[in-house]
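Per-entry structural report
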Amino acid sequence: MHLNSPAVSPHAAQPVLRCEQVSRWFGGVRALSDVSLSIAQGEIFGLVGPNGSGKTTLVNTITGFYPPQQGSIHFEGQPLTGVRPHLIAHRGIARTFQNVALFKGMSVLDNILLGRHIFMRPSALASLFYWWWAEREEIAHRLKVEEIIDLLQLESVRDEPVEVIPLGLQKRVELARALASQPRMLILDEPMAGMNQEEKEYIVRFILDAKEALNLTILMIEHHMDVITAICDRALVLNNGRVIAEGPAREAVNHPDVIAAYIGGAPDAA
Ligand SMILES: Nc1ncnc2c1ncn2[C@@H]1O[C@H](COP(=O)(O)OP(=O)(O)OP(=O)(O)O)[C@@H](O)[C@H]1O
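The following paragraphs examine the structure supplied in this document. Just so it is clear, the model here is predicted, and its values are computed rather than measured.

1. What about the nonpolar core?
Judged by nonpolar contacts, the single largest core of 70 residues is most densely connected at Ile112, Ala176, Ile218, Leu219, Ala235, Val237 and Val253. The leading source of residues in this core is helix 6 (residues 167-180), at seven residues. Ignoring anything within four residues of it in the chain, the contact list for Ile112 reads Val145, Ile148, Ile149, Val173, Ala176, Arg177 and Ala180.

2. Describing the site of the ligand
In the region of the ligand, the neighbouring residues are Phe26, Val29, Ala31, Gly49, Asn51, Gly52, Ser53, Gly54, Lys55, Thr56 and Thr57. Of all the elements in the fold, those that place two or more residues in the shell around the ligand are strand 2 (29-40) and helix 1 (55-62). By residue class, the composition of the shell around the ligand is three nonpolar, seven polar and one charged.

3. Examining the sheet that holds strand 10 (residues 242-248)
In space, the six strands of this open sheet follow the order 6-7-8-3-9-10, with mixed pairing throughout. Each end of this open sheet is capped by a strand with a single partner; those strands are strand 6 (93-95) and strand 10. Direction aside, the axes of adjacent strands within the sheet are offset by 15 degrees on average.

4. Remarks on the packing of helix 6 against helix 7 (residues 197-214)
Put simply, helix 6 and helix 7 touch, their axes get as near as 10 Å, and they point 10 degrees apart. One element, helix 6, and the other, helix 7, form an angle in the roughly parallel class. Note on packing geometry: the crossing formed by helix 6 with helix 7 is right-handed. For the pair helix 6 and helix 7, contact is made by Gly168, Lys171, Arg172, Leu175 and Leu179 and by Glu199, Tyr202, Ile203, Phe206, Ala210 and Leu214, respectively. When its residues are assigned to classes, the contact of helix 6 with helix 7 shows seven nonpolar, one polar and three charged.

Criteria and thresholds
Residues numbered from 1 in each chain as written. Predicted model: local features only at pLDDT ≥ 70, side-chain atom pairs only at ≥ 80, totals over all residues. Core = buried A, V, L, I, M, F, W, Y, C linked by C-beta atoms within 7 Å. Buried ≥ 20, exposed ≤ 12 C-beta atoms within 10 Å, placed from the backbone. Helix = DSSP H or I, 4+ residues; strand = E, 2+ residues; numbered from the N terminus. Contact = placed C-beta atoms within 7 Å. Near = placed C-beta within 6 Å. Nonpolar A, V, L, I, M, F, W, Y, C, P; charged D, E, K, R; others polar. Pairing = 2+ DSSP bridges. Axes fitted to C-alpha atoms, helices over the stretch in contact; angles between N-to-C directions. Parallel < 35°, antiparallel > 145°, perpendicular 65-115°, else oblique. Left-handed = near helix turned anticlockwise from the far one by under 90°.

Distances and angles like these do not, on their own, reveal function.
What follows is the structure, encoded as structure tokens:
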């Protein structure tokens, strides 16, 4: 276990994602202080910490919403620092959000199709003149979406408006939309928040299936420690914006500093 230094992995020579000494503050609040991490191809990497410890801020620095004020971020060897959020997907990174962010009034299918927008031509006029080309493109997008619907077993709700399906399924639709952009790295912000035990087990299964089928590297914020220890190769724990532990998932979450950081003892294992 290494404290306050980049996590070491067997493939550390070629990390997919590397954050070095990333710092971010909001006014007087130092949300991240010198956070470093390194994630290897094919890993599931857990990001853990008490409420307000900086997890979402770290994801937001990676995905361009709040660029770091200090430090650097590289993805597949290329600098990511300062890349605008709408260009992040083009670089091969997709994310889901802590609170479900789907378009109400649209069907499950159309919400997933939106994940294809990064491949779509910007000019409606061009589509009008080259309708035959637009039609071919549309078919290709729909085929890709069908593959994902199949992978995540969403057939039975494909035509339902998203707001009428249960939360567990909405989270799965969000995952599907992220996968529709064909990412190489997937960032999941509390994919199991608000789920019951059965829904949790389902989403874990689908995350693992998607990782295998699509050769993904995954960074996952999650409060459920049983999930972190069950599926993450390694984990990094933040407290007050600083790294307090990192390493193999079980070791990291059981580190004495981590236990101490959670109110009165062991983190929630539910
Ligand atoms: N846009 C913002 N403006 C001001 N302060 C912010 C902003 N975003 C985050 N913070 C502050 O930064 C700190 C870290 O917040 P962050 O949301 O990253 O924590 P977290 O670990 O994701 O928490 P949670 O588990 O509750 O989602 C907190 O003190 C929070 O209030």
